[in-house]
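# An overview of the molecular structure
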Amino acid sequence: MIEHYFKLAENQTTVRRELLGGLTTFMTMAYIIVVNPQILGRRECPGWRGIRHLHSSAAASLVMGLYANYPIALAPECH
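Just so it is clear, the model here is predicted, and its values are computed rather than measured.

Attention shifts here to the layout of surface pockets. Put simply, the largest pocket is a space of about 1000 Å³. Mapped by element, the contributors of at least two residues to the lining of the largest pocket are α2 (15-42) and α3 (50-67). Broken down by element, the lining of the largest pocket gets its largest block of residues, 11 residues, from α2. Partitioned by chemical class, the residues of the lining of the largest pocket number 19 nonpolar, 10 polar and two charged.

Within the fold, S57 resides in helix α3. Apart from residues no more than four positions distant in its own chain, S57 is found in contact with L74, A75 and P76.

Reading guide: rules and limits
Residues numbered from 1 in each chain as written. Predicted model: local features only at pLDDT ≥ 70, side-chain atom pairs only at ≥ 80, totals over all residues. Heavy atoms only, no water. 1 Å grid on protein atoms, 1.4 Å probe; cavity = no way out; pocket = protein on both sides within 12 Å on 5 of 7 lines; lining within 4 Å. Points joined across faces, edges and corners; volume = space filled by probe spheres on them. Helix = DSSP H or I, 4+ residues; strand = E, 2+ residues; numbered from the N terminus. Nonpolar A, V, L, I, M, F, W, Y, C, P; charged D, E, K, R; others polar. Contact = heavy atoms within 4.5 Å.

Take a look at the structure:
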């Protein structure tokens, strides 16, 4: 079922490889969960708090992965 939904064979990958890629992406972005909300709070983004950042990052990444079938992790940014 997972192989069919994500077209793993067509993309020449396996469930194990995708799980390892997901774990690698999480570990790479883990610092954002703590650091980025502090940075956004200091820069002209007064409404940002850590839990909002965590929820918006998780929701955006899940939508990109599960709905769009596009393996991109997303996090908010303040300009």
